[in-house]
Amino acid sequence: MPFQSENSPVPIPPPGEDELPYDDGEPMESERHRAQMDLLIETLKLHWHERDDVYVGGNMAIYFSELQAKKNDFRGPDVFVVLDTNRRERKSWVVW
């Protein structure tokens, strides 16, 4: 992890969702594709509606490493589910 200066023990935190791109610029393949994605996301949200520790998202960038972010190498899966997290609005999903 990089540090603020050569003599500083304070590490520079990795970028978060506000600093990273959140749109891959790729359009949906078709209107049907978008409708299927939306239906699956809404169905999963309904399934877990009583839980605040489940996040259901889709067509959102997911970052697994800082190198991936630096190389601008990201894609958003159509649908994904994360357990044991806080449910809130997000721009992207950052694993670190």
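The structure this text deals with has already been given above.
Read on for an overview of the structure. This structure is a prediction, so every number in the text was calculated from the model and none was measured.

### Structural notes on unusual backbone geometry
And step 1. Notably, N59 is not glycine yet its phi reads approximately 50 degrees, a positive angle.
And step 2. Position of N59 relative to the elements: it lies in the loop between strand 1 (54-57) and strand 2 (62-63).
And step 3. By relative accessible area, N59 is classed as partly exposed at 29%.
And step 4. Phi angles above zero are rare outside glycine, and D84 is one such case at about 60 degrees.
And step 5. Summarising the element assignment, D84 is placed in the loop between strand 3 (80-83) and strand 4 (93-94).
And step 6. By relative accessible area, which is 67% here, D84 ends up exposed.

### Considering the packing of aromatic side chains
And step 1. Per the counting criterion, the structure on display carries three aromatic pairs.
And step 2. Consider the rings of Y55 and F80, whose centres lie 6.0 Å apart with planes at 45 degrees: the pair is tilted. In this pair, Y55 is assigned in strand 1 and F80 in strand 3, connecting sequence segments 25 residues apart.
And step 3. A centroid spacing of 6.3 Å and a plane angle of 65 degrees characterise the contact between F80 and W93, whose relative ring orientation is edge-to-face. Remark: W93 occurs in strand 4 and F80 occurs in strand 3; sequence separation between them is 13 residues.
And step 4. Taking the relative accessible area as the measure of exposure, W93 reaches 11% and is therefore buried.
And step 5. Taken together, Y55, F80 and W93 form an aromatic cluster joined through their ring pairs.
And step 6. It is R90 that lies over the ring of Y55; its NZ or CZ is 5.1 Å from the centre.

### As for the nonpolar core
And step 1. The biggest cluster of nonpolar side chains holds six residues, and these are Y55, M60, I62, F80, V82 and W93.
And step 2. Sequence-distant contacts of F80, that is, excluding residues within four places in its chain, are made with Y55, V56, G57, G58, M60, I62 and W93.

### Observations regarding helix 1 (residues 31-47)
And step 1. Under the 1.5 Å per step criterion, the end-to-end length of helix 1 is 24 Å for 17 residues, consistent within 8% with the ideal 24 Å.
And step 2. The set of residues buried in helix 1 consists of H33, M37 and I41. Taken end-on, helix 1 shows its buried residues confined to a sector of 60 degrees, consistent with a single buried face. The exposed residues of helix 1 that point more than 90 degrees off its buried face are E31, R32, L39, L46 and H47.
And step 3. The elements touched by buried residues of helix 1 are strand 1.

Rules used in this analysis
Residues numbered from 1 in each chain as written. Predicted model: local features only at pLDDT ≥ 70, side-chain atom pairs only at ≥ 80, totals over all residues. Heavy atoms only, no water. Helix = DSSP H or I, 4+ residues; strand = E, 2+ residues; numbered from the N terminus. Buried < 20%, exposed > 50% of the residue type's maximum accessible area, 1.4 Å probe, protein only. Phe/Tyr/Trp six-rings, centres within 6.5 Å; stacked < 30°, edge-to-face > 60°. Lys NZ or Arg CZ within 6 Å of the ring centre and 35° of its normal. Core = buried A, V, L, I, M, F, W, Y, C linked by side-chain atoms within 4.5 Å. Contact = heavy atoms within 4.5 Å. Expected span 1.5 Å × (residues − 1). Arc of directions from axis to C-beta.

Shape is all these values report; function is a separate question.
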